[in-house]
Amino acid sequence: MATRDRRLAEFDGAGEPPPGLPVEVLCEDHSGTYQLPFACRYVEGRWQNDAAGVPVEATVIGWRVPRAKHSGFA
């Protein structure tokens, strides 16, 4: 349970994301929680894959604005 709570705390989006904003989502199923490997948008009350435009067939329990990617160079 601690892992679920910790991961959920990282996805701090409250309510619905702003229209048209691609976000990272946290999902949950019988095996636990996981982050989808693609950006999603919340459109007309449903989550969809940002690039493909197809519905997400998972239970989304949290979202966040994408984090900046680090190149690994100092």
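Just above sits the structure.
What counts, and where the lines are drawn
- Residues numbered from 1 in each chain as written.
- Predicted model: local features only at pLDDT ≥ 70, side-chain atom pairs only at ≥ 80, totals over all residues.
- Heavy atoms only, no water.
- Helix = DSSP H or I, 4+ residues; strand = E, 2+ residues; numbered from the N terminus.
- Buried < 20%, exposed > 50% of the residue type's maximum accessible area, 1.4 Å probe, protein only.
- Contact = heavy atoms within 4.5 Å.
- Areas by Shrake-Rupley, 256 points an atom, 1.4 Å probe, with all protein chains shown as cover.

(A) Summary view of the overall build of the chain. Of regular secondary structure, the chain possesses 1 helix and 5 strands. When the elements of the chain are put in sequence order from the N terminus, they spell out α-β-β-β-β-β. The buried share of the chain, taken over its 74 residues, is 23%. For the chain, the proportion of contacts with a sequence separation of at least 24, taken over those separated by at least 6, is 53%. Per element, the accessible surface of the chain, about 5200 Å² overall, is 54% carbon and sulfur.

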